Structures are given as C-alpha cells and as structure tokens.
2 protein chains.
Amino acid sequence: MENHVVIMAGGIGSRFWPMSTPEYPKQFIDVLGCGRSLIQMTAERFRPVCPVENIWVVTSAQYVDIVKTQLPDIPDSNILAEPAARNTAPCIAYATWKIQSRCKDANIVVTPSDALVMDVDEYRRVITKALEFTSASDSIVTIGIRPSRPETGYGYICCSSECAGDPEIVKVDTFREKPDVETAKNYLAAGNYLWNAGVFVWNARTIEAELREHVPAIASVMDEIATAFGGPMEKAALQRLFPMCEKISIDYAVMEHAKSVYTIPSEFGWSDLGSWGSLRQNAEKDEAGNASVGADIRMYDCRGCVVHTSSLRKVVLEGLSDYIIAEKNGALLICRLEDEQRIKDFNK
Amino acid sequence: MENHVVIMAGGIGSRFWPMSTPEYPKQFIDVLGCGRSLIQMTAERFRPVCPVENIWVVTSAQYVDIVKTQLPDIPDSNILAEPAARNTAPCIAYATWKIQSRCKDANIVVTPSDALVMDVDEYRRVITKALEFTSASDSIVTIGIRPSRPETGYGYICCSSECAGDPEIVKVDTFREKPDVETAKNYLAAGNYLWNAGVFVWNARTIEAELREHVPAIASVMDEIATAFGGPMEKAALQRLFPMCEKISIDYAVMEHAKSVYTIPSEFGWSDLGSWGSLRQNAEKDEAGNASVGADIRMYDCRGCVVHTSSLRKVVLEGLSDYIIAEKNGALLICRLEDEQRIKDFNK
C-alpha cells in the first residue's frame, strides 16, 4: 500500500490574534521562533513516511498561495482548496476521494497542521506502526497521548483492555469531550484515558466506507465532485457542490460510530498549541519563565509572560507577570494569560 | 518697552521614551491628543502678549526644522539654534544678547516649551501684570504656582510677606530644590511656598546685568559671539564659541543670587508634564481613569493607565492597572507608572 499524508490547514487561529489573523493564521506562523512555521514542521515530520508527491494539504482557497510559498516542493495538484469551511468530515472526505482518484490502494495519515511534536523520531515510529496496522486491517487508528496533567482543553480517548495483537495497539472503548477539571482528574487517575490528538490513520477504503455509511450525503457530494476530477470543470464543481456538505467534524461523523477503532498510547511531547498558555509551555523560556519571539525584546521585572512581536523594532517591558504581549502588522494585544479565552471577542 | 517671549525648546524628553525620542522630543508632540503639540500651545498662549516677530525659540540645531514646521509664522531669524546643550543660563544669555541686538529696550518672558496651562486667560493676565512690573523695575519676576499637593517633583519658591506695592507681586525669600515628601507636606502646610514654574519675566537690561555679574564668563562668550551677529560669520562664531559656556541652569547662575526677585502666586492649572503620571493627571480620562491618545485603543478591565500610540493601527489592552503603554515608530514600552523613573535607563 502507498502511504499518503493529509495535512488539514484550514483553521483561522482566532485565539491567537493578533499574532494569528484570518489573513495569515497560526499554522503558517513561526510561533516558537525556531525559523519554521507549524505547517512546515508538520510536513517535515512526514518526510521519511512518504514521498512528497503523496503529501496533501487541504486548506481554505485564500491560503493556497501561502501553502505554495511555505511548502514549495509539494505538487500544486496536492493542495486542495476548500471553497468554504465545513469542518473536518467534508475536508477528509474530499482528500480521500482525491487520493483514491490517483491511488486505489492508499494508506492514509490525517493530521492537523498546527500541532507540536517534540520527539519526532518517536512520532514517526508510532505513525509507522499505525500505518503498518491499517495496511493489513480495516480498522481506524487514532493517536492517543498519555496525559501528563488533568487538561480540560482536550478531548479524551477511553481505552479498553483489548489489544490488536501488538500490545501497543489498543482498542478504543469510547471518546470523551473536553471534561471539567474534576472529571479530567478522574481520567488521569483511572490510567486508561488518553488525550485525543486528532491524528488519524486508516486505509482509503476504510474511511471511504465509514463516510458512506455514517454521512452518506457528504459521500454523495464527493461522488458528484469526483466526476469532474482532473477535468476543466473540477474547480467549478467543487465551488458549487462542496458548500452543500454539512458542517461536521470527523469525530462526530465517523469516530464515535465506527466499530473498529484502535489507539496507540504515545509519548512524544505533543501539544495542540491551542492556547497562549500552551505556547508558553512549549517555547524556550528565560530564567523568569518568559517566552519571547521577536526583535530586541527587553524585559525588566517580568515573569511568565509570552511575547510575540513581528513588526516592532524594539520592545521594553517592565513589571508584567503572566501576560500575553502580541503584535503583528500594527495591531497590539496585551492581555492576562488567565483571560486569554476573551481574545476571540476582542477582535470582533 | 517692547515685549518679547523666549521659548526654550532644547530638551530631549528622555523620561517619555518612546513617545518622546531624541530625534523628536516631547515639546513637539501632541501628548494630550488635542491636535497641537506642547510648543504650539505654548506659542499660542503668547499671541496677545506680543507680535509674532517678538517670539523667539531657542532650541538644538537638530530641531530647527521641526520648529519651522510647527510654528511657521515665527521668523526664521528668531529661531536660535544652540550648537550644544549648555542648560538654561547660556540659552537665556544667547537669547538676551540676540534680542538686545535688535531692541535695546526689551521686556522679556522666558518660558519652557513643554509645560501645560489650563486657564490661558488667567495665565495671560499674570504674565501681563509681571511684564508691566518689570517694564518699570529692574526686578525679576518668577511665576509661582500655588501648590495643590505635596509634590516632590518640583522646586519651590519661599515667599516673604513683603510685596511690591501690588499685593499680588510678592518678594521671594528663597528658592528650595525638589523636597522629600515630608518637607513638601510642611511647605504645603506653611502656606507661603509655591511651585517654581520656571517662567521668568525681566527686562533685557536687568537679566544682562545679572548674567554679567554672576556668570561673567558666559557674558564674555556672548559678547564675542555678538560681534558676528547679522554677519556671514554668525553661525561659525556660535558654533565655535557657544560650547565654551559652562553648563549651568539659570536658577543656580542667577535666581539664587539676584537681590530683587518677586513672584506672583498663581492658579491657572499648570503642570510641567514632567512625568507620565502628570500626563495622566492632565489628560482626559475615561470612567476607569485611563488616559489614551492614539488610534483604535480598546481597553478591557484596565484602570489608571496612560496610553500613547502613534503608528499602531489597533490596540487591545486587558487587565492592566496603572501602566504606561507607549509606542512610536516601532518602539513599544509597557511599564508600571510607579516605576517610570526607570524609563531613562531602559533606552540606553
């Protein structure tokens, strides 16, 4: 089976304004100041997993040029432009139908574009093991992360005690939505709960069948669009038909209903970088716990701040504890980290 | 006697970085967001006091073009460029010698360029009274402000009970440097202490004589430069000789030694705007006590902040109490108001 990777890069990153803007969202930004954007790091992780011709990016039409610039060796025809945002199920369906139009016997990893992985070798080992499993099985693998704290920002996977021959590949009992802190503590104590990383591995036939079974309307739309694949009307068909898809996540559409779902409990230093707090946690910090990315940032009496500037020439900060200081293209945000959930509203 | 006004505009405003920079300091900035810079408001105050041909500005050579732009109706020959900063005594001597070269019988007001006056009519009344007094007397008048709080940032004037015929014109007993807070409280309680506004009124002959008596070296330098006044070598002479002057304030050089010094205790809403705190005090504030100047500044849960931005397009502030947030040309400062004395050091 041929390995393929689908990178989902349609998010707008509104929680990270003004670092992330709808015009240039988080996945395209070097949020950690390491010289590469999140999507570049994501693509890099899969270099040994499959040839670049088998890496696909599904994104919003308005980000296609950014993707081309940031991932120049991915073929243009592998950059799939969604004409409207319809959550992950239509996104994955579209990518699946496209891959199948080129390769009937594909084995697929689907991943967000904006998560962080510290131990890339271990990540590749886990992904490879999952691909080996799905190449010989019609099961689904969802990558699970061993929780290190009672995090309330992630969904959880509840594992059963059953495994698929390989003791690392464990049957999923059920999925749990983001819990409150008490529930999260119970999950941590129970020991058989994992964070849901939103990374899925399956073969093309399996996910096609699951989509046909659980969201037949979306599958029909894809069948219709597929009649135009490779022809002069492809873009017009996509434009006309894709927006007819229901807005639904792959979790609701498929994962919660599929019968044969497995997970590999993993530890490779993962974060979805879903908040400024998690960005601070994962970035390099000075002795006072400040994480800063940007030119000439000087801090006096500051603790636990996360600073991200792009156009400012010089920044002097004094007497700030646990604040976000973010600037991009003339927009500035200063906000307490504990109030970061308010950021979405500030930019209305 | 002809009235003349000398506006001293050589300061670099380092306490207000980055709003004020050595390239474009505070006196040239619309710090209150009222549409006019401090020097423009200062010049405006004297319109009814004397014709524009009698308004002089002494500034650093590098600010001459800014002065010409901001005060276009002041004759170029009235803009005196100091080739080096030598504090206020040489500045005032230079202006005095220049005025005398044009008008032997001048009556002069000397004022900083960056102070704030709320009640301009009352200010003009006081200045006019002082000018009337010095047109008929070889005394010096220094404008005194009735203190409203035990301010430690100003020098004080201690008044005697003696007056000069007019009960408003009171003999100065002695000058006091910036006090500690206990002393300032005692001054306030005593009732005969005034803030020293650094605004002086005298006739040209008087200040010339005082300078000749107390700082004869500076007077000699001015005599030498004056031989070139109006000729092709004026600039070269100034360039060569002015830097020979001792760096000394008019307070130390003259005021503390002069025998006949009077003051007019005044209340016209004065501030030297010498700190971000005083800027906050004098600016328009929202219900939460925030003073802000700049485009599209939104504040959530902020109290007592002073915000001054120039190039930022949009600013969102959350959860800040008593902070300075200042930005100009790509430099950003965030600093606790209580720590504003540190700002001078941040920009080193």
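What comes next is a walk through the structure. (Residues numbered from 1 in each chain as written. Chains lettered and ligands numbered in written order. Predicted model: local features only at pLDDT ≥ 70, side-chain atom pairs only at ≥ 80, totals over all residues. Heavy atoms only, no water.)

1. Quick look at the overall build of chain A
If you tally the helices and strands in chain A, you get 11 helices and 17 strands. A compact globule built from 348 residues would reach a C-alpha radius of gyration of about 20 Å, and chain A, at 21 Å, matches this within 12%. Oriented by its inertia axes, the alpha-carbon framework of chain A measures out at about 60 × 50 × 35 Å. Counting every position in chain A, which comprises 348 residues, the buried fraction comes to 57%. Sequence-distant contacts in chain A: of pairs separated by 6 or more residues, those separated by 24 or more amount to 66%. Approximately 14100 Å² of chain A is accessible, and the part contributed by carbon and sulfur atoms is 48%. (Helix = DSSP H or I, 4+ residues; strand = E, 2+ residues; numbered from the N terminus. Rg over C-alpha atoms; globule rule 2.2 N^0.38 Å. Buried < 20%, exposed > 50% of the residue type's maximum accessible area, 1.4 Å probe, protein only. Contact = heavy atoms within 4.5 Å. Areas by Shrake-Rupley, 256 points an atom, 1.4 Å probe, with all protein chains shown as cover.)

2. Description of the pairing of strand 15 (residues 314-318) of chain B
Extensive coverage of strand 15 of chain B is indicated by the burial of five of its five residues. Here four bridges tie strand 17 (residues 331-336) of chain A to strand 15 of chain B, and the two strands are oriented parallel to one another. The residue bridging A:Leu333 from the neighbouring strand is B:Val316, located in strand 15 of chain B. Sheet topology note: the strand 13 (residues 297-300) of chain B/strand 15 of chain B ladder contains four bridges and is parallel. Paired with B:Met299 across the two strands is B:Leu317, which belongs to strand 15 of chain B. (Pairing = 2+ DSSP bridges.)

3. Considering the packing of aromatic side chains
Within this structure, the stated rule accounts for 29 aromatic pairs over all chains. Note on B:Phe16 and B:Trp276: the rings are 5.0 Å apart at their centroids and 55° apart in plane angle, and the pair reads as tilted. Highlighted residues: B:Phe16 in the loop between strand 1 (2-9) and helix 1 (38-45) and B:Trp276 in helix 10 (residues 276-282), separated in sequence by 260 residues. Under the relative-accessibility criterion, B:Phe16 is labelled buried at 2%. Ring pairs connect the aromatic residues A:Tyr24, A:Phe28 and A:Tyr63, which therefore count as one cluster. Taking the ring centre of A:Phe229 as reference, the NZ or CZ of A:Lys98 above it sits at 4.5 Å. Seen from the ring of B:Tyr123, B:Arg45 lies directly overhead, with NZ or CZ sitting 5.5 Å from the centre. (Phe/Tyr/Trp six-rings, centres within 6.5 Å; stacked < 30°, edge-to-face > 60°. Lys NZ or Arg CZ within 6 Å of the ring centre and 35° of its normal.)

4. What to know about the sheet that holds strand 17 (residues 331-336) of chain B
The strand order across the open sheet formed by six strands is 13(A)-15(A)-17(B)-16(B)-14(B)-12(B), and the pairing between neighbours is mixed. Only two strands of the sheet have a single partner each, and these edge strands are strand 13 (297-300) of chain A together with strand 12 (291-293) of chain B. Each neighbouring strand pair of the sheet contributes to a mean axis angle of 5°, computed without reference to strand direction. (Axes fitted to C-alpha atoms, helices over the stretch in contact; angles between N-to-C directions.)

5. So, the relation of the copies chain A and chain B
Each copy of the sequence occupies a distinct position, and chain A is placed on chain B by a rotation of 180° and an axial shift of 0.0 Å, giving an RMSD of 0.1 Å. Read as a symmetry element, the transformation amounts to a two-fold axis. (Least-squares fit on C-alpha atoms with pLDDT ≥ 70 in both.)

6. Things to note about the pattern of salt bridges
Residues and elements named next belong to chain A. Enumeration according to the criterion identifies 50 salt bridges over all chains in this entry. For Glu 122, the salt bridge identified is with Arg 125, shortest N-O distance 3.0 Å. Linking Glu 122 with Arg 125, this pair stays in helix 4 (residues 120-135), spanning three residues, or about one helical turn. (Salt bridge = Lys/Arg side-chain N within 4 Å of Asp/Glu carboxyl O.)

7. Here's the deal with the state of the cysteines
According to the stated counting rule, one finds zero disulfides over all chains in the structure shown. Left unpaired, B:Cys50 is separated from the closest cysteine sulfur, that of B:Cys103, by 11 Å. (Disulfide = S-S within 2.5 Å.)

8. What about the side chain of A:Ser271?
All names here are of chain A. Turning to its location among the elements, Ser 271 is positioned in strand 11 (residues 270-271). With a relative accessible area of 2%, Ser 271 lands in the buried category. A distance of 2.9 Å separates a polar atom in the side chain of Ser 271 from the backbone nitrogen of Leu 273. Of the polar contacts made by the side chain of Ser 271, one reaches the side chain of Asn 282; its length is 3.2 Å. (Polar contact = N/O pair within 3.5 Å; in protein donor to acceptor, adjacent residues only side chain to side chain.)

9. Section: unusual backbone geometry
Residues and elements named next belong to chain A. Cis peptide bonds are those with omega within 30 degrees of zero, and the linkage from Trp 17 to Pro 18 qualifies with 0°. Positionally, Pro 18 belongs in the loop between strand 1 (2-9) and helix 1 (38-45). A positive phi is found at Asn 87, a non-glycine position, where the angle reads about 65°. With respect to the helices, strands and loops of the structure, Asn 87 is situated in the loop between strand 3 (79-82) and helix 3 (88-102). By relative accessible area, Asn 87 is classed as partly exposed at 42%.

10. A short note on the interface of chain A and chain B
It is common to give the size of an interface as the accessible area lost on bringing the parts into contact. Residue-level contacts link 29 residues of chain A with 29 residues of chain B. Between chain A and chain B, roughly 2600 Å² of surface is buried when both sides are summed, and carbon and sulfur atoms account for 50% of that area. Counting the surface chain A buries against chain B, the share from its top three residues, A:Glu318, A:Leu332 and A:Ile334, is 25%. One salt bridge in this structure joins A:Asp301 and B:Arg342, with 3.4 Å as the shortest N-O distance. Where chain A touches chain B, the interface holds 26 residue pairs in polar contact (both at pLDDT 80 or more). Within the residue set of the side of chain A that touches chain B, elements represented by two or more residues are strand 13, strand 15 (314-318), strand 16 (323-328) and strand 17 of chain A. Across the side of chain A that touches chain B, the residue classes break down as 15 nonpolar, four polar and 10 charged. (Buried area = accessible area lost by both parts, 1.4 Å probe. Nonpolar A, V, L, I, M, F, W, Y, C, P; charged D, E, K, R; others polar.)

11. Comments concerning the packing of helix 6 (residues 204-214) of chain A against helix 7 (residues 216-226) of chain A
All names here are of chain A. As a packed pair, helix 6 and helix 7 sit with axes 5 Å apart at the nearest point and diverge in direction by 120°. The angle between helix 6 and helix 7 falls in the class oblique. Residue-level inspection shows Leu 211, Arg 212, Glu 213 and His 214 of helix 6 in contact with helix 7, the latter providing Pro 216, Ala 219 and Asp 223. Along the lines of polarity and charge, the residues of the contact of helix 6 with helix 7 split into three nonpolar, one polar and three charged. (Parallel < 35°, antiparallel > 145°, perpendicular 65-115°, else oblique.)

12. As for the environment of A:Ile218
Residue and element names in this part refer to chain A. Within the fold, Ile 218 resides in helix 7. With 30 residues separating them along the chain, Ile 218 and Ile 248 place their C-alpha atoms 9.9 Å apart. Contact partners of Ile 218, with chain neighbours within four places excluded, come to Ala 89, Pro 90, Ala 93, Cys 245, Glu 246 and Ile 248.

13. Considerations on the sheet that holds strand 16 of chain A
Pairing is mixed in the open sheet, where six strands are placed in the order 12(A)-14(A)-16(A)-17(A)-15(B)-13(B). Of all strands in the sheet, those bounded by a partner on one side alone are strand 12 (291-293) of chain A together with strand 13 of chain B. Mean inter-strand twist for the sheet, computed between neighbouring axes without regard to direction, equals 5°. As paired strands, strand 14 (residues 306-309) of chain A and strand 16 of chain A are joined by four bridges and run parallel to one another. Residue pairing across strands places A:His308 opposite A:Ala326, the latter belonging to strand 16 of chain A.

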